[in-house]
Protein chains: 2
Amino acid sequence: MRIEIPRDFERIGALQIFGLQKVYELDSGPGRRERDSMIERLPSDTLYDIMREMAIVVPVKEERLKLIEGVLVGIPSPCQVILVSNSARSPIDRFHMEQETMENFSRFTDKKVLVVHQKDPTLARAFAEAGYSEILDDDGLVRSGKAEGMIMGTLMAKWLGKKYLGFVDSDNYLPGAVHEYVKEYAAGFAMNPGAKTFVRISWHSKPKIVESNLFFAKWGRSSVHSNHILNRLLTNITGFETEIVKTGNAGEHALTLDLALTLEYAAGYAVETHHFINLLQEYGGIDRPPRNLRPGERVTLCQIESRNPHMHASKGDDHVEDMIDASLSVIYHSRLCPASLKAEIMANIRMRRGDNAPAEPFPMRIYPALSQIDLPTFFERWQAGFRRHSPVVGSS
Amino acid sequence: MRIEIPRDFERIGALQIFGLQKVYELDSGPGRRERDSMIERLPSDTLYDIMREMAIVVPVKEERLKLIEGVLVGIPSPCQVILVSNSARSPIDRFHMEQETMENFSRFTDKKVLVVHQKDPTLARAFAEAGYSEILDDDGLVRSGKAEGMIMGTLMAKWLGKKYLGFVDSDNYLPGAVHEYVKEYAAGFAMNPGAKTFVRISWHSKPKIVESNLFFAKWGRSSVHSNHILNRLLTNITGFETEIVKTGNAGEHALTLDLALTLEYAAGYAVETHHFINLLQEYGGIDRPPRNLRPGERVTLCQIESRNPHMHASKGDDHVEDMIDASLSVIYHSRLCPASLKAEIMANIRMRRGDNAPAEPFPMRIYPALSQIDLPTFFERWQAGFRRHSPVVGSS
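Student: When you look at the overall build of chain A in this model, what are you seeing that I'm missing?
Tutor: Across its full length, chain A carries 12 helices and 16 strands. Against the globule reference of 21 Å for 396 residues, chain A gives a C-alpha radius of gyration of 20 Å, in line with a compact fold. Each principal axis of the C-alpha atoms in chain A carries an extent, and together these give about 55 × 55 × 55 Å. For chain A, buried positions account for 60% of its 396 residues. Pairs at least 24 residues apart make up 74% of the contacts formed inside chain A by residues separated by at least 6 positions. Accessible surface for chain A amounts to roughly 15,200 Å². Of this, 50% is attributable to carbon and sulfur atoms. Side-chain charges of chain A comprise 48 positive and 51 negative groups, with the mean position of each set lying 3 Å from the other.

As structure tokens, this is what we get:
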């Protein structure tokens, strides 16, 4: 892979945010690692070395099996796959179908796939006993939701001893795009070898159907809003206007386990934007000194522009406004958000919602950082009740 | 890459046609090459070794520069790229724009790109003096057409000393699909290491817009017809009904230079189907013994089903019927085509064309095999007049 060296950056306390990096070559072959003043060449072996320490979490909910299989085809073999499913168990046991598909696929490919169900009572008990019952609902099981699945995936990655963690959606139509995302995660970690690195992908484009033709839109409808307001927040903090944030709600992202365990997770549609906010709160040194850092350590956020268009199964447009509201809510309710920016956010909501605008954004549920979990207890409880769901953990 | 070992095959004389092979993993990482009874694992290094001896020919005609750049992003670095352009030189010099784009891109990526123009008079003179003036028009320049560009690309690959030759269209929207095709070419050559191997890709699907939704069609409209009639031809030859042909007009294909120089090229839309017919004529041993073979040598045609959907710039639907007619024409006019199959072909044409059906298909222009060219003369003339069009041949 050949990737542009970032040209811009913003430094806020211990947090370093790099500008968007362009990809010049998906596959630069094996050989030497090289860089000039503009481009870094990451040979295949450098990327594979990182992938061997990486888990890719794929949250699944009632997705077509053909699409899930295509996503697995795209994930490079050295990666550990963790499939966190919240699909129905009755009247049709979709989860069982997913397990069978994975079992079949893993047998053919020797792929390392761990399959867990979000409502597995063993996991719920492990959460309860390890001091993280926030994630449980009234039935004592893990709540439904993608953020909750991501939290489970994060812990599974830690359990498996991985160093890096990436997320890929299960509804991607392009195995080649999945392949690209994972290589870009690895490239981001290779270029930023610190213990606390966050890699976020900005899609090159998203094909939409406009009057029976394909049109390649540069920006998603919700990312326009979250990027703008996050940039306004940075502008407020630094006093210099900036447009550096391009990945405010990047579903395709990866981070070191070391960093992941220190971050809060917002529920619903706000998880990605809140990660951004939480990085600023924890490491920006704005209203309190950064914590969880070794002397001299910094946190790096890099943003890579993928080359493939993003094509995923269309779930309808109903939730776009809710997604925007959720993203803006976590910015609004952050302790870093000044009154002037709160006013801008409300103007945005009123513009989109009209008379239905609330007095202030509905606050999102925020899960505390996983560092508060008693990990040895969690893993012990989980392992004790762990049943082999599937071929599960392949050989490493 | 992990690929299914072919389960079916047809053997006709020295020609071996393998059934469609499924891809199980785009990237199986580095390490050992392995196979069990069903799947072969081709590690990255095996594929890179082949790519270093491979040229990828990209025919271009007035394509948007963004799309061409995306195609180059997808071609792995070890490959030599040969861009054969037939874009206009006036009133706007599109070719010059393409050269500049390539020059810029090659500088950033250290990519090996040779750019030639189809109407380059040096090339025309080289063809004339080397005994292949069939390709020249009344002005003494190379005729317009994709087949003619492919012939030029083939000779350029030979000139550069390459062993393998692959074709990729310049209007592909998915760099990841281009990347996949090239890896599949390399995998096909690795699995079939003979000197005469042909690798043809069958698209997984082709997204179409149907009532404002994306629909993933399995088969292109023209390939249905050419596959069916080619299978009818094989059935006639062997006496056993077969459906083995899935890539009758596969634009995405690759072949060894050794084989490429022995095959005829049909003009217009018939080039891919005619390659199939010509393989049967030359190596099937049906009406005469195979030629151009070393003792015991055979010719292998393998067909791989790609995983990414095929998305290319829509040029309108006007030419689909012409494409079908062209494909069927080369089968009809083959000396191998029995009268009964000619009747089937005419029934097909009458069904599609109605009252506009001709008495028999219009014959396509067929260029003789390149083995009739005096290669030393061609290369000498070309090299003598060769001007550096661009960064051109990068370091190898």
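Student: Help me understand the pairing of strand S15 (residues 299–305) of chain A, please; the structure alone is not making it clear to me.
Tutor: Consecutive side chains along a regular strand alternate between the two faces of the sheet. Residue and element names in this part refer to chain A. Counting buried positions along S15 yields seven of seven residues, so the element is predominantly enclosed. Side chains of S15 alternate between two faces, with Val299, Leu301, Gln303 and Glu305 and Thr300, Cys302 and Ile304 buried alike. In the sheet, strand S3 (residues 15–25) pairs with S15 via six bridges, with the strands oriented parallel. Following the sheet pairing, Lys22 is matched in S15 by Glu305.

Student: Looking at this model, I keep getting lost on the relation of the copies chain B and chain A. Mind explaining?
Tutor: Both copies of the chain are placed relative to one another by a rotation about an axis and a shift along it. Superposition record for chain B on chain A: RMSD 0.0 Å, screw rotation 180°, translation along axis 0.0 Å. Put plainly, the chains are arranged around a two-fold axis. Distance from the rotation axis, computed per C-alpha, reaches its smallest value in chain B at Gly176(B): 2.3 Å. An overlap of 98% is found between the interface residues of chain B and their copies at the interface of chain A, pointing to a shared contact surface.

Student: Could you clarify how one ought to interpret the packing of aromatic side chains in this entry?
Tutor: Aromatic ring pairs are reported here in terms of the distance separating the ring centres and the angle at which the planes meet. All names here are of chain B. Within this structure, the stated rule accounts for 17 aromatic pairs over all chains. With 5.8 Å between their ring centres and 75° between their planes, Phe378 and Phe379 make a pair best called edge-to-face. Side by side, Phe378 and Phe379 carry an identical accessibility label, which is buried. For Arg200, the ring lying beneath its charged end belongs to Phe198, and the centroid distance is 5.1 Å.

Student: How should the interface of chain B and chain A be read in this particular structure?
Tutor: As a measure of interface size, the accessible area lost when the parts come together is often cited. Facing the 45 residues of chain B at the interface are 44 residues of chain A. Taken together, both faces of the contact between chain B and chain A bury some 3,700 Å²; the carbon and sulfur share is 62%. Scanning the region where chain B abuts chain A turns up six salt bridges. Glu25(B) serves as the salt-bridge partner of Lys111(A), at 2.5 Å between the closest nitrogen and oxygen. Joining chain B to chain A, the criterion identifies 16 residue pairs in polar contact (both at pLDDT 80 or more). When contributions to the side of chain B that touches chain A are tallied by element, the ones reaching two or more residues are strand S3 (15–25), helix H1 (44–51), helix H2 (65–74), helix H3 (94–109), helix H6 (175–191) and strand S12 (213–217) of chain B. With five residues, the top contributor of residues to the side of chain B that touches chain A is H6(B). Looking at the side of chain B that touches chain A residue by residue, the classes come out as 22 nonpolar, 12 polar and 11 charged.

Student: What's the story with unusual backbone geometry in this structure? I'm lost.
Tutor: If a residue is not glycine, its phi is most likely negative; likewise, a peptide bond is most likely trans. That bond from Ser90(A) to Pro91(A) is cis: its omega, 0°, falls within 30 degrees of zero. Within the secondary structure, Pro91(A) is located in the loop between strand S7 (80–85) and helix H3 (94–109). Unlike most non-glycine residues, Asp110(A) shows phi in positive territory, near 60°. Mapping Asp110(A) onto the fold places it in the loop between H3 and strand S8 (113–117). Even without a glycine there, the phi angle at Glu62(B) is positive, about 50°. Within the secondary structure, Glu62(B) sits in the loop between strand S6 (54–60) and H2. Accessibility expressed as a relative area gives 36% for Glu62(B), which makes it partly exposed.

Student: In this structure, what is going on with the pattern of salt bridges? I would like to understand it.
Tutor: Once the charged atoms of two side chains with opposite charge are near each other, the side chains can pair. All names here are of chain A. In the structure shown here, the tally under the stated rule is 54 salt bridges over all chains. Arg288 is the salt-bridge partner of Glu282, the closest N and O atoms lying 2.9 Å from each other. Relative accessible area serves as the criterion here: at 7%, Glu282 is assigned to the buried category. Each of Glu321, Asp322, Asp325, Arg352 and Arg353 takes part in salt bridges that share partners, so that together they form one network.

Student: Please clarify how the nonpolar core should be interpreted in this entry.
Tutor: It is characteristic of soluble globular proteins that their nonpolar side chains tend to be buried jointly. Core analysis: the largest hydrophobic core is formed by 104 residues, its most contacted members being Met54(A), Ile56(A), Tyr185(A), Met54(B), Ile56(B) and Tyr185(B). Other than its neighbours up to four places away in sequence, Ile56(B) contacts Ile75(B), Cys79(B), Gln80(B), Val81(B), Ile82(B), Gly166(B), Val168(B), Val182(B) and Tyr185(B).

Student: Can you walk me through the environment of Leu155(A) in this structure?
Tutor: Residue and element names in this part refer to chain A. As for its position among the elements, Leu155 is in helix H5 (residues 146–159). Once the C-alpha coordinates of Leu155 and Leu293 are considered, the two residues, 138 residues apart in sequence, prove to be 21 Å apart. Among residues more than four places away in sequence, those in contact with Leu155 are Phe127, Leu370, Ile373, Leu375, Phe378 and Phe379.

Student: Help me out: how do you make sense of helix H11 (residues 339–353) of chain A in this one?
Tutor: Given 3.6 residues per helical turn, the α-helix brings residues three or four places apart onto the same face. All names here are of chain A. Between its first and last C-alpha atoms H11 spans 21 Å; for 15 residues at 1.5 Å apiece the expected length is 21 Å, and the two agree. The set of residues buried in H11 consists of Leu341, Ile345, Met346, Asn348, Ile349 and Arg352. The buried side chains of H11 occupy one side of the element, clustering within an arc of 155° when seen end-on. Away from its buried face, by an angle of more than 90 degrees, H11 presents the exposed residues Ala339 and Met351.

Student: What is the right way to read the environment of Thr247(B) from this model?
Tutor: All names here are of chain B. Relative to the assigned elements, Thr247 resides in the loop between helix H7 (221–238) and strand S13 (253–256). Taking the C-alpha atoms as reference, Thr247 lies 7.3 Å from Ser223; in sequence the two are 24 residues apart. Thr247 has contacts with Arg200, Ile201, Ser202, Asn227, Phe276 and Gln303, leaving out every residue within four places of it along the chain.

Student: Looking at this model, I keep getting lost on helix H1 (residues 44–51) of chain A. Mind explaining?
Tutor: Where burial is concerned, most of H1(A) is hidden: six out of the eight residues are buried. Among all positions in H1(A), only Ser44(A), Thr46(A), Leu47(A), Tyr48(A), Ile50(A) and Met51(A) are buried.

Student: Would you explain the side chain of Thr235(B) in this entry?
Tutor: Residue and element names in this part refer to chain B. Among the structural elements, Thr235 can be located in helix H7. Among the residues examined, Thr235 registers a relative accessible area of 13% and is labelled buried. A polar contact of 3.2 Å, which involves the side chain of Thr235, links it to the backbone nitrogen of Thr242. Sequence-distant contacts of Thr235, that is, excluding residues within four places in its chain, are made with Phe240, Glu241 and Thr242.

Student: I'm lost on the packing of H7(B) against helix H11 (residues 339–353) of chain B in this one. Help?
Tutor: Two quantities define a packed helix pair, namely the angle between the axes and the distance from one axis to the other. Residue and element names in this part refer to chain B. Their axes nearest at 10 Å, the elements H7 and H11 cross at an angle of 165°. Between H7 and H11, the angle is such that the two are roughly antiparallel. For the crossing formed where H7 meets H11, the hand is right-handed. Contact with H7, carried on its side by His225, His228, Ile229, Arg232, Leu233 and Asn236, involves Ser340, Leu341, Glu344, Ile345, Asn348, Met351 and Arg352 of H11 and no other residues of that element.

About the thresholds
Residues numbered from 1 in each chain as written. Chains lettered and ligands numbered in written order. Predicted model: local features only at pLDDT ≥ 70, side-chain atom pairs only at ≥ 80, totals over all residues. Heavy atoms only, no water. Helix = DSSP H or I, 4+ residues; strand = E, 2+ residues; numbered from the N terminus. Rg over C-alpha atoms; globule rule 2.2 N^0.38 Å. Buried < 20%, exposed > 50% of the residue type's maximum accessible area, 1.4 Å probe, protein only. Contact = heavy atoms within 4.5 Å. Areas by Shrake-Rupley, 256 points an atom, 1.4 Å probe, with all protein chains shown as cover. Lys, Arg positive; Asp, Glu negative; His and termini not counted. Charge placed at Lys NZ, Arg CZ, Asp CG, Glu CD. Pairing = 2+ DSSP bridges. Least-squares fit on C-alpha atoms with pLDDT ≥ 70 in both. Phe/Tyr/Trp six-rings, centres within 6.5 Å; stacked < 30°, edge-to-face > 60°. Lys NZ or Arg CZ within 6 Å of the ring centre and 35° of its normal. Buried area = accessible area lost by both parts, 1.4 Å probe. Salt bridge = Lys/Arg side-chain N within 4 Å of Asp/Glu carboxyl O. Polar contact = N/O pair within 3.5 Å; in protein donor to acceptor, adjacent residues only side chain to side chain. Nonpolar A, V, L, I, M, F, W, Y, C, P; charged D, E, K, R; others polar. Core = buried A, V, L, I, M, F, W, Y, C linked by side-chain atoms within 4.5 Å. Expected span 1.5 Å × (residues − 1). Arc of directions from axis to C-beta. Axes fitted to C-alpha atoms, helices over the stretch in contact; angles between N-to-C directions. Parallel < 35°, antiparallel > 145°, perpendicular 65-115°, else oblique. Left-handed = near helix turned anticlockwise from the far one by under 90°.

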